[in-house]
Amino acid sequence: MGGTAVVVGGGIGGLAAALGLRRIGWEVRVVERAAVLADAGAGISLHANGLRALDAVGVGQEVRAAARPQYTGGTRTPDGRWLSRMDGRLLERELGSPIVGIPRAVLHRLLRSALPAECLLVGATVRTLDLSDPDRVGVPVGDGVLDADLVVAADGVHSRLRGLLFPDHPGAVYGGSTVLRAVTEDPVEVRTDFELTWGAGAEFGHIGFTDGRAEWHAVLNAPAGVRHTDPLGMLRGRFGGWHEPIPTLLAATRPEAVLHHDIHELVTPLPSFAAGRVALLGDAAHAMTPHLGQGACQALEDAATLAAALAGEPTVGAALTRYDAERRPRAQSVARAARQAGRMGQQLSHPLALALRNTGLRLAPSRATMRAILRHADWTPPSLV
């Protein structure tokens, strides 16, 4: 089965979906509201499941070549004591790949460069859909309408199309945490590939890149909408007494490079990831907190699974039924686990709760920590053939 698809949203999930659809013979247009694809963003960790999904849509090798494997690191306290260690070699033995770190801008460019330029329509906003014909979907764009057999709604956490399809759903809500992040201007010396440090209601982490630079992020309990006139100065005051390389990472960052976003999630699960001839994908379907590092990986799983369903089923309706059945239980389970990880990790603030959590982590065998990662990362994509 082939056809014509319109992907609404040119982020990681939308671009991967376009690649997967083209790989099974579909014609695809990607509509992105940004007028210029500036490749903004900080960094991202990709687990084995995300890398396998990238293999399925045809760009896994290129992404691996541009990414830095995360073999060393773990979780620490603000004074530098280790709570748990990460064994990247064990993950590699178990899954065929360690977790890898890559700048979001690089990942985005690799996905985009694998698509013909004519597939991308930028600077266009999709505000509604014409769903009057059960066999086609009209996508109004500018002064015209794109005619599609399938629409992929990959328009993010505050998805306009999700609201159109599920008007009674409450949408994404603030999860109680805000995140500031950046990539250092120049290479910095970090002794580990990846670290998280947990304090009271706060987390600081870093990811090393192949060029020696590093991404860092700071997650804080805070009311929604709070912004700072000097974000970097605030962070230096908040984390200046924490262990190295945290002060060094902040010192190596330009103030204008700091990004600040409140974390929103779909606490109320969607009843379906499909409606008619529209499939929801990525944050539009299952926006989750970042506490497991699985948000992008789940979007990539969506992309590979959607393409496989369309390749294997006789009709779009049957394919979307299969896509929903295969993706919704898993993605919503990962979202619940991410929420719980945040509550037991970064969001904890009571001193007694912190002490109990830290003691439990120190006493837990390292294999138990790895099992938690394996539980979510051990996924195999369905065949696109």
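This text follows the structure it describes.
Because the structure is a prediction, the values reported are computed rather than measured. (Residues numbered from 1 in each chain as written. Predicted model: local features only at pLDDT ≥ 70, side-chain atom pairs only at ≥ 80, totals over all residues. Heavy atoms only, no water.)

Okay, the sheet that holds strand β2 (residues 27-32) next. Strand pairing in a sheet is mediated by backbone hydrogen bonds. Such pairs are either parallel or antiparallel. Strand order in this open sheet of six strands is β8-β2-β1-β11-β18-β17, and the pairing throughout is mixed. Strands at the two margins of the open sheet, each flanked by one partner only, are β8 (120-122) and β17 (274-275). (Pairing = 2+ DSSP bridges. Helix = DSSP H or I, 4+ residues; strand = E, 2+ residues; numbered from the N terminus.)

Another point: the pattern of salt bridges. Within this structure, the stated rule accounts for 19 salt bridges. Here E301 ties to R327 by a salt bridge, and the two come within 2.6 Å at their closest N and O atoms. Of the two residues, E301 sits in helix α10 (residues 295-312) while R327 sits in helix α11 (residues 316-344), which places them 26 residues apart along the sequence. In this structure, E301 and R327 share a single accessibility class: buried. A salt bridge links R322 to E326, with the shortest nitrogen-to-oxygen separation between them at 3.1 Å. Of this pair, R322 and E326 both sit in helix α11, four residues apart, which is roughly one turn of that helix. (Salt bridge = Lys/Arg side-chain N within 4 Å of Asp/Glu carboxyl O. Buried < 20%, exposed > 50% of the residue type's maximum accessible area, 1.4 Å probe, protein only.)

Our focus in this paragraph is the packing of aromatic side chains. One pass over the full model with this rule turns up three aromatic pairs. Ring geometry for F204 versus W216: centroids 5.6 Å apart, planes at 15 degrees, classification stacked. Here F204, found in strand β14 (residues 202-208), pairs with W216, found in strand β15 (residues 214-221); they are twelve residues apart in sequence, far enough to count as distant. Between R76 and the ring centre of W82, over which it is positioned, the NZ or CZ distance is 4.6 Å. For the cation-ring pair, R89 lies above Y71, with the distance from its terminal atom to the ring centre recorded as 3.7 Å. (Phe/Tyr/Trp six-rings, centres within 6.5 Å; stacked < 30°, edge-to-face > 60°. Lys NZ or Arg CZ within 6 Å of the ring centre and 35° of its normal.)

This paragraph deals with the side chain of S84. With respect to the helices and strands, the residue S84 is situated in strand β6 (residues 82-85). Leaving out residues up to four positions away in the same chain, S84 has contacts with G73, G74, T75 and T369. (Contact = heavy atoms within 4.5 Å.)

In this section: the pairing of strand β13 (residues 194-199). Each regular strand shows side chains that alternate between the opposite faces of the sheet. Of all six residues in β13, six are buried, a share of seventy percent or more. Because side chains alternate across β13, one face comprises the buried residues F194, L196 and W198, and the other comprises E195, T197 and G199, equally buried. With four bridges joining them, strand β5 (residues 73-76) and β13 adopt parallel strand pairing. From the neighbouring strand, T75 faces β13, where its bridge partner is L196. Between the end of β13 and the start of β14, which pair antiparallel, lie two residues, with G201 showing a positive phi angle near 65 degrees.

Quick look at the sheet that holds β13 now. The strand order across the open sheet formed by seven strands is β6-β5-β13-β14-β15-β12-β16, and the pairing between neighbours is mixed. Of all the strands in the sheet, just β6 and β16 (259-265) have a single pairing partner and so form its edges. For this sheet, the mean angle separating the axes of adjacent strands, direction not counted, is 20 degrees. Those strands touched by helix α7 (residues 231-239) are β12 (173-183), β14 and β15, and its axis lies near 75 degrees from that of β15. (Axes fitted to C-alpha atoms, helices over the stretch in contact; angles between N-to-C directions.)

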